[in-house]
Amino acid sequence: MAFQTYQLELVYGCNLTCFYCTTADKLQLMPEYKAIEILNSLPPTKYLYLQGQGEPTLHPSLIMLAKYAKSLKKFTYVCIITNGIIETDYNVFDKVFFSCDDIGPIKSGKYFDRIKDNFYKAYKVCREVQIWTVDFGQDLQPLVQLCKELKINQYTQKLNTNATLAYKYAITKPKLDGESFECTHIKKGLLRRFLVDCTPVDCCWCRLEHKELFKDIDLLHNNLRKGIVIGPCVDCMHLGAIK
């Protein structure tokens, strides 16, 4: 089955400590030769994301892998998702997505000038730049103003409470009585993600510690129909109730 989007989780770990993120403190890297094997095995498709469950610029072979992916000439867009703190060679990417979840004065506002410089660098050379952020009460006005000046798309996800996120990232299987669900994301075959240990999964919410829950897609669908929803699927926009 060919997917519209492929994601390689090159890194598990980050240089930030967003309070709601479950990324492990210990840095894990996808081996370079394994990433190349995966890239060689993929069919032509629209999107390839070189990213991390964390920060992909921490991978020493990131630029080499991006250049190699482009040399294969089978991906319309080679993309990166980054928090923008570490400068990288944006020339090798078609699209850059800045995930600025920890940008406010609450924690890492000190990085804003550095991130702003990297916005400008990516903006000058990439086909498209987008900025994503989670609003947990920090001052987002400088970021919003910057996006307006550069005419960059900026998306804000409203964060509710710590309890909500703890529930979402739980490995437990809560039962929602009286409702049946289906996952339109997996059903349509939109994405194939390779975790840092090279395990293939069909959902971008799947983390390393969740992979066992996503191994049997048929079982996952059967459980959803019974109203058994695993933690990573709770409140997902692709989770639809079956009437």
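Values in this document were obtained by computation on a predicted structure and should not be read as measured data. (Residues numbered from 1 in each chain as written. Predicted model: local features only at pLDDT ≥ 70, side-chain atom pairs only at ≥ 80, totals over all residues. Heavy atoms only, no water.)

A. Spotlight on the packing of helix 1 (residues 32-41) against helix 2 (residues 62-71). Where helix 1 meets helix 2, the axes come as close as 11 Å, and the angle between the chain directions of the two elements is 20 degrees. Comparing their axes, helix 2 and helix 1 come out roughly parallel. The interaxial crossing formed by helix 1 with helix 2 has right-handed handedness. On helix 2, the residues touching Glu-32, Ala-35, Ile-36, Leu-39 and Asn-40 of helix 1 are Met-64, Leu-65, Tyr-68 and Ala-69. A class-by-class count of the residues in the contact of helix 1 with helix 2 yields seven nonpolar, one polar and one charged. (Axes fitted to C-alpha atoms, helices over the stretch in contact; angles between N-to-C directions. Helix = DSSP H or I, 4+ residues; strand = E, 2+ residues; numbered from the N terminus. Parallel < 35°, antiparallel > 145°, perpendicular 65-115°, else oblique. Left-handed = near helix turned anticlockwise from the far one by under 90°. Contact = heavy atoms within 4.5 Å. Nonpolar A, V, L, I, M, F, W, Y, C, P; charged D, E, K, R; others polar.)

B. Structural detail: helix 1. The set of residues buried in helix 1 consists of Ala-35, Ile-38 and Leu-39. Mapping the buried residues of helix 1 onto a view down its axis gives an arc of 100 degrees, with all of them on the same face. Summarising the geometry of helix 1, the exposed residues directed more than 90 degrees from the buried face are Tyr-33 and Ser-41. In this structure, the buried residues of helix 1 make contact with strand 1 (5-13), strand 3 (45-54), helix 2, strand 4 (75-82) and strand 9 (191-194). (Buried < 20%, exposed > 50% of the residue type's maximum accessible area, 1.4 Å probe, protein only. Arc of directions from axis to C-beta.)

C. View of the pairing of strand 4. Counted residue by residue, strand 4 has seven buried out of eight residues, so it is predominantly covered. As paired elements, strand 3 and strand 4 share five bridges and run parallel to each other. Its bridge partner lying in strand 4, Tyr-47 is registered against Tyr-77. Here strand 4 pairs with strand 5 (residues 95-99) via four bridges, running parallel. Along strand 5, the bridge assignment pairs Cys-79 with Lys-95. (Pairing = 2+ DSSP bridges.)

D. Quick look at helix 8 (residues 217-225). Restricting attention to buried positions, one finds in helix 8 the residues Ile-217, Leu-220, His-221, Asn-223 and Leu-224. Viewed along the axis of helix 8, the buried residues span an arc of 160 degrees, placing them on a single side of the element. Against strand 8 (180-183), helix 6 (184-187), helix 7 (211-214) and strand 11 (239-242) lie the buried residues of helix 8. Where helix 8 terminates, the next one or two residues include Gly-227, which has phi positive at roughly 85 degrees.

E. Quick peek at empty space enclosed by the protein. Counted under the stated rule, the structure contains two cavities of 30 Å³ or more. Taken as a whole, the largest cavity spans an internal volume of roughly 60 Å³. Lining the largest cavity, in full, are Cys-183, Ile-186, Cys-203, Trp-205, Phe-214, Pro-232, Cys-233, Cys-236, His-238 and Leu-239. The residue inventory of the lining of the largest cavity, partitioned by class, reads nine nonpolar, one polar and no charged. (1 Å grid on protein atoms, 1.4 Å probe; cavity = no way out; pocket = protein on both sides within 12 Å on 5 of 7 lines; lining within 4 Å. Points joined across faces, edges and corners; volume = space filled by probe spheres on them.)

F. Spatial organisation of the pattern of salt bridges. With the rule as written, the count across this model stands at six salt bridges. Arg-193 is the salt-bridge partner of Glu-9, the closest N and O atoms lying 2.9 Å from each other. Note that Glu-9 is positioned in strand 1 and Arg-193 in strand 9, a separation of 184 residues in sequence. Judged by its relative accessible area of 0%, Glu-9 falls in the buried class. Between Glu-128 and Lys-95 there is a salt bridge, and its shortest N-O distance comes to 3.0 Å. With a gap of 33 residues between them, Glu-128 in strand 6 (residues 128-135) and Lys-95 in strand 5 connect regions that are remote in the sequence. Of the residues examined, Glu-128 reaches a relative accessible area of 23% and is grouped as partly exposed. Ionic contacts of the salt-bridge type, sharing partners, join the residues Lys-70, Asp-94 and Arg-127 into one network. (Salt bridge = Lys/Arg side-chain N within 4 Å of Asp/Glu carboxyl O.)

G. Local environment of the side chain of Thr-199. In this structure, Thr-199 sits in the loop between strand 9 and strand 10 (200-201). Note on Thr-199: relative accessible area 15%, which makes it buried. Reaching out from Thr-199, the side chain makes a polar contact with the side chain of Asp-197 at a distance of 2.9 Å. Setting aside its immediate chain neighbours within four residues, Thr-199 contacts Arg-193, Phe-194 and Lys-211. (Polar contact = N/O pair within 3.5 Å; in protein donor to acceptor, adjacent residues only side chain to side chain.)

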